[in-house]
Amino acid sequence: MSEAARHELPDLAAMAAFGARLAERLKVGDVIALEGGLGAGKTTLARGIIAALGYTSEVPSPTFTIIETYDAPPVRLPIVHADFYRLNDPAEVEEIGLDDYREGAAMIAEWPDHAGGFSHEAACLSILLETAKTGRIAIARGGGDWLGRMP
Ligand SMILES: Nc1ncnc2c1ncn2[C@@H]1O[C@H](COP(=O)(O)OP(=O)(O)OP(=O)(O)O)[C@@H](O)[C@H]1O
Ligand SMILES: [Mg+2]
């Protein structure tokens with residue numbers, strides 16, 4: 001695990017800019033695990049990343065579908081955007097066929113703990129979003145694969 005990197009994100013523009021920083025660094029095989037409670041800004045940050053990767057249409061929240069996928073092109077690399085909130089048991093990850101979705105793609109995961117968590121993977125960057133007086137604070141911690149490319 002890397003040292004924690006702290007980012008102040010006072011408004012939606014800062015959130016979009018942070019999403020763009022993450023998008024620049026993203027590689028196939030990565031997981032960006034977005035942690036934080038209801039309304040913390042996980043989907044907002046996921047949208048910022050996906051937009052910066054080149055997706056120009058509206059990015060739906062995967063709240064009900066659990067998984068949304070984005071092909072390259074138009075995005076720079078294939079993306080799986082997951083929201084595991086509705087999983088009742090981490091074992092359901094296998095039923096969904098998550099490994100097949102992740103093959104050759106990078107994943108952005110909301111509520112990663114509901115899927116058993118991904119921070120044991122060297123390619124996982126965990127980002128905890130917390131509500132601040134104005135906007136949000138992000139605390140990023142990366143696995144070994146993120147050394148030298150922390151946002
Ligand atoms: N940096 C920010 N500053 C101010 N408002 C923000 C910021 N980031 C997100 N928001 C606002 O917070 C609200 C909730 O954001 P969002 O839906 O992304 O949260 P979430 O973590 O995905 O929630 P859920 O757990 O319900 O899926 C939205 O109205 C969004 O515009
Ligand atoms: Mg969400």
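See above for the structure.
Nothing here was measured: the structure is a model prediction, and the numbers come from that model.

*Asks:* Describe the sheet that holds strand E5 (residues 106–110), with residues and values.
*Replies:* Strand order across the open sheet formed by 7 strands is E1-E7-E6-E2-E5-E4-E3, with mixed pairing between neighbours. Strand pairing shows two members of the sheet lacking a second neighbour, strand E1 (5–9) and strand E3 (67–70), which therefore form its edges. Adjacent strand axes in the sheet meet at a mean angle of 15 degrees when their direction is disregarded. Pairing of strand E2 (residues 31–35) with strand E6 (residues 124–131) involves 5 bridges; the strand directions are parallel. Looking at E6, one finds that Ala33 is bridged to Ser126. Against the sheet, helix H1 (residues 12–25) engages E1, E2, E6 and strand E7 (136–142), with an angle of about 145 degrees to E1.

*Asks:* Hey, could you go over the coordination of the magnesium ion (ligand 2) for me, with residue numbers and the actual values?
*Replies:* Protein ligation of the magnesium ion (ligand 2) involves Thr43 (OG1) and Glu110 (OE), the donor distances falling in the range 2.0 to 2.4 Å. With Thr43 in helix H2 (residues 42–52) and Glu110 in strand E5, this residue pair connects regions lying 67 residues apart in the sequence. The two residues Thr43 and Glu110 agree in class, both being buried.

*Asks:* Any chance you could break down H2 for me, citing the residues and the numbers?
*Replies:* Among all positions of H2, only Lys42, Thr43, Leu45, Ala46, Gly48, Ile49 and Ile50 are buried. Where the residues of H2 are buried, they touch H1, E2, E3, strand E4 (79–83), E5 and E6. Where H2 ends, the next residue or the one after it, Gly54, has phi of about 115 degrees, a positive value.

Basis of the calculations
Residues numbered from 1 in each chain as written. Chains lettered and ligands numbered in written order. Predicted model: local features only at pLDDT ≥ 70, side-chain atom pairs only at ≥ 80, totals over all residues. Heavy atoms only, no water. Pairing = 2+ DSSP bridges. Helix = DSSP H or I, 4+ residues; strand = E, 2+ residues; numbered from the N terminus. Axes fitted to C-alpha atoms, helices over the stretch in contact; angles between N-to-C directions. Contact = heavy atoms within 4.5 Å. Donors = N, O, S within 2.8 Å, 3.2 Å for Na, K, Ca; no water. Buried < 20%, exposed > 50% of the residue type's maximum accessible area, 1.4 Å probe, protein only.

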